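Each chain, written out:
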Amino acid sequence: MSFLPLLESSLLRSTIPMLLLAAVHPGTRAADLEWPEITAETKPWSRWWWLGNIGRPEDFSSEMEKYAAVGLGGLEITPIYGVRGYESRFVPYLSADWMKQLGHVLEEGKRLDLGIDMATGTGWPFGGPWIGPDTAGRYLVHRVYPVGGSGRLEEPVVFEQEPVLRFAGPLRVVLSELRDPVSSNDNLQALALDQVRFPRRIPLVALIGFSSGRDPIDLTGRVDPDGRLDWEAPPASEGWTLHALFQGWHGKQVERAGPGGEGDVVDHFSGDALKSYLGHFDQAFAGRPLDGLRAFFNDSYEVDDADGEADFTPSFLEAFEMRRGYDLRWHLPALSGGGDGDEAARVLSDYRETISDLLLEEFTRTWGGWARAMGKIIRNQAHGSPGNLLDLYAASDIPEQEGSDVLSIKMASSAAHVTGKRLASAEAATWINEHFSGTLGEVKEAVDQFFLGGINHIVYHGTAFSPPDEPWPGFHFYASIELNPSNPIWRDFPVLNRYVARVQSFLQTGRPDEDVLLYYPIHDRWAQVGDGTLPHFHGRENEGMTQWREVSGRLHQAGLGFDFVSDRQLGGVTLADGLLRTEGGADYRAIVLPETRLMPLETLQRVLGLVAQGATAVVQGSLPVDVPGWSRLEERRAAFEALVGNLKQNGSIADGVEILPWGRGRLLIGDDPVAMLEAAGVRRETLVDVGFSMIRRRTEAGHDLFLVNRSVETLDGWFPLADAFHDAALYDPMSGMSGRGATRTGRDMKGEIFLQVPPGASIIIRTSDRAIEGPAFPYWRKGGEGVAIGGEWSIDFVAGGPDLPESVVLQEPGFWTERGWERAAVFSGTAVYRTGFVRPENPADGWMLNLPEVADSCRVRLNGREIAALIHPPWRVILTADELLESNDLEIEVTNLAANRIADLDRRSVLWKRFYNVNMPARFRENRGPDGLFTAAAWPVRPSGLAGPVTLTPMEALKSLEPMPTR
């Protein structure tokens, strides 16, 4: 674009030719090709469901040994509902016996090098039997009373809250059968209460009289205990309207609570309420060592998936006035949506911002301070809450997300990057597919999405503790991928875990390397009227921030790395060496403002202050037009408009882009943020144009890039990298192979690397400004047509159940479920396909072993040695020429899913779904039985095993890539 010469050149350093870097460090050695160290934290962790807190010390030990053996690095203890028939073994939460269990597990974690986190409660959200009326969540009721012609209000100012009773389980009672408080009732596990709101008169908070042309009158103190108002309205031409606020008890119960953890949810907006709640942990922990515990955990904010919203706290009015600068009581008509529309939007925005502040200051920071006083950290899921997620995540030691939307995922990783947190975690692979139908390949796909969103600490969802002697399939949590030893996929689970550990060994080192700070315009959302008191934030489109979503998606798809930044976080950004530097030490090259209507004056001043020092700001669409909120509106608005007016005085237009000089920098305003950023010298990784998704981190000598091929074809060829480099290494995290990559300087003087990445596969590139020593990474090209491996194949069933089918011999491999063998259709486990073959006569550098279809994972052994483990297509592996003998024995060990065996149990009506509370609901409607629970009884037999023909394709090793001509 022709306006490029107008920009500062400090952002163009990434285009230094690769040959220049080679001259700076001729012949020096960088790190070798070893993988980074694998630690307990680089390994994946798993949420460890304790159903009913059932468990003997020896059982915990034996199961933890299994977890460590498959490559898990840690466990997060979350107690939940119990199992029917085990009531005598339930252990009340935080009791002395429960604390003995925790102590044993912490000691075993140290022995097995398994890290341990624990939820600060059972189920979710925080709450339990210690929560009483003074500390439970509240809600706000707003009522309007017109004063009649008599000048007096005849009806009492009272409010009786409507009763609410919701269940998570099948048992039903009527509200009159329950005692208040809820925790005093018996059989709470069977009741599985989700929300209980008893009918009662709730307290009056404020009663304010309004009349046009008159000052509001506070009448709260003139209401007697029976609700009678002792007041006669002064004459007024338009009469008087009285606005009353009442506070009720929300009634949300701890979801999926474990024994001893049932009860009301805590008031998340009161630090005193939270301290009272945490005091019970202090009592339980007193005198007990917790040195094996790393972190306390908080699940996603799910208070308001109930009737009404928890949107108030007793001290709210005082907190509002302190933070917003005015008394909310004088603006009750606006809060209810009445009166002037602009005032209503501004007051509602201030209300929502105050709720966000309280959730940050009274809950998140209070909880974090409590944990740090014990030498622990917090791992926090902030999504789903009515607060600014970026600020809530920033107050967490390990921010954690869930889901599959990469922009939502980036809310947690952005906060980690901006504030200098080493880890950003994810609740990963939650309820993939239907029960017992998720494959390890699907888990890998989900995990990759988190990696690409900046997550570097995977916590599977999850692993239910099940006593080793429990009949198959054991204990299970309803929304889990069932990563338990009873699940057949456990056999190849180590393959996935090694992959995750290898990737995270890179993603947990170095520093984040995004280029753009993308402003999060939350005030625009807070000012939207007509959708309830509180919006809840997940990062998805339902937040009503379409321009922010659209710009985020365009930057991501274009390969422009970015992190979201909040108003609060922008306040700590400085300019250093031409780069924007956050308080956490992360560097960025530009700020992007998506289409934003309302921006705090302080934020605009901060952005322009950085631009004046030389920073680049890109504005999509147009500049913000106003300030949010009500307090000192005219004063703030005048300052805002003056600032914008001064900014626009010396603007010019080039190629449809408005250029506004400001001090040593400029603002660029236009419709295409991608083009403006490229013109400003911000790197764009063009790898995304051909089907790669990627994330990049900075190292001392260069960069690490994690790539996933999201196309349907193998990406094979030379690919340019945005940053200059001297040498590069490739690491295959699935196989563990590494080597020097083939590199060259392209025609545009950009460094290029040769890649061969099948669809769905991943590769890690490590670039360096120095020479890398070691063997070259292997590249292959098809050298001829494939030939089928002939001869007989035997199938031996080696592990699984309900029993092992007899061995059989076939003329070619096929699914064991399609042969009509007795019991094979209901078998879940592992079978070994064996055959022998003679080395092909025609010479080749290597041979590709092609397995047409595997259901659902496999290990390949050649002549008694395992050479590959595969958990997703394409099902193929390269055999080098020296690996083939004259005569060869081939074994393909195939493991299927638990689906066929579960379907057999359900067809025979075998009772295995014995869990309290929600039990085992179906994820998909078609799998819901007459009792409302999941059933696989109608499932057809799922193909299992190995489909043929298995072929060998001659391959040629590419040995002359470096001297290939540039394009």
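Before reading on, note that the structure itself is shown above.
Just so you know, these numbers come straight off a predicted model, no measurement behind them.

Asks: Describe unusual backbone geometry, and please don't skip the residues or the numbers.
Replies: Residues Ala855 and Asp856 are joined by a peptide bond in cis, for which omega reads 20°. Locating Asp856 in the fold gives a position in the loop between β42 (853-855) and β43 (857-862). Each neighbour pair has its own omega, and for Pro873 with Pro874 the value is 0°, a cis peptide bond. Note that Pro874 resides in the loop between β44 (865-870) and β45 (876-880). In the Ramachandran plot, Phe436 falls in the positive-phi region, its phi being about 60° despite a non-glycine side chain. Among the secondary structure elements, Phe436 is positioned in the loop between β15 (425-428) and α11 (440-452). Phe436 gets classed as buried once you look at its relative accessible area, which sits at 4%. Positive phi, close to 55°, is recorded for Asp655, a residue that is not glycine.

Asks: Account for the sheet that holds strand β32 (residues 738-740), with residues named and values stated.
Replies: Here we have six strands laid out as an open sheet, ordered β17-β28-β29-β35-β31-β32, and antiparallel in their pairing. In this open sheet, the two strands that pair with only one neighbour each are β17 (511-512) and β32. Where strand β28 (residues 692-698) meets strand β29 (residues 703-709), seven bridges bridge the pair, whose relative direction is antiparallel. Across the sheet, Arg698 pairs through a bridge with His703, a residue of β29. Most of the contacts of α11 go to β29, to which it runs at about 140°, and overall it touches β28, β29 and β35 (762-768).

Asks: Just give me the short version of the pattern of salt bridges, but keep the residues and values in it.
Replies: A full pass over the atoms with the stated rule returns 80 salt bridges. For Lys252, the salt bridge is made with Asp194, and the minimal N-O distance between the two is 3.3 Å. You can see Lys252 sitting in the loop between β10 (241-249) and β11 (264-265) and its partner Asp194 sitting in strand β7 (residues 193-197), a full 58 residues away along the chain. Take Lys252 and Asp194: they sit in the same class, and that class is buried. When the shortest N-O distance is used, the salt bridge between Asp405 and Arg549 registers 2.9 Å. Taken together, the positions of Asp405 in the loop between β14 (398-402) and α10 (406-419) and Arg549 in helix α14 (residues 546-557) put the pair 144 residues apart, joining distant regions of the chain.

Asks: Describe the packing of aromatic side chains, listing the residues and the values that go with them.
Replies: Describing an aromatic ring pair means giving the distance of the ring centres and the angle of the ring planes. Evaluation of the coordinates by the stated rule reveals 55 aromatic pairs. With a centroid separation of 5.5 Å and an interplanar angle of 80°, the aromatic rings of Trp48 and Trp50 are classed as edge-to-face. Comparing Trp48 with Trp50, the two get one shared label, buried. Positioned above the aromatic ring of Trp45, the side-chain terminus of Arg294 is 4.0 Å from the ring centre. Stacked on the ring of Phe562, the Lys or Arg Lys410 has its end atom at 4.7 Å from the ring centre.

Asks: Which residues make up the sheet that holds strand β24 (residues 616-620), and what values go with them?
Replies: Judged by pairing direction, the sheet is mixed, and its seven strands sit side by side in the order β19-β18-β23-β24-β27-β26-β25 without closing on themselves. The open sheet has two free edges, formed respectively by β19 (562-565) and β25 (652-654), since each of these has just one partner strand. Going across the sheet, the axis of each strand differs from the next one's by a mean of 25°, ignoring polarity. With three bridges connecting them, strand β23 (residues 590-593) and β24 associate as parallel partners. Directly across from Ile591, in β24, lies its bridge partner Ala617.

Parameters at a glance
Residues numbered from 1 in each chain as written. Predicted model: local features only at pLDDT ≥ 70, side-chain atom pairs only at ≥ 80, totals over all residues. Heavy atoms only, no water. Helix = DSSP H or I, 4+ residues; strand = E, 2+ residues; numbered from the N terminus. Buried < 20%, exposed > 50% of the residue type's maximum accessible area, 1.4 Å probe, protein only. Pairing = 2+ DSSP bridges. Contact = heavy atoms within 4.5 Å. Axes fitted to C-alpha atoms, helices over the stretch in contact; angles between N-to-C directions. Salt bridge = Lys/Arg side-chain N within 4 Å of Asp/Glu carboxyl O. Phe/Tyr/Trp six-rings, centres within 6.5 Å; stacked < 30°, edge-to-face > 60°. Lys NZ or Arg CZ within 6 Å of the ring centre and 35° of its normal.

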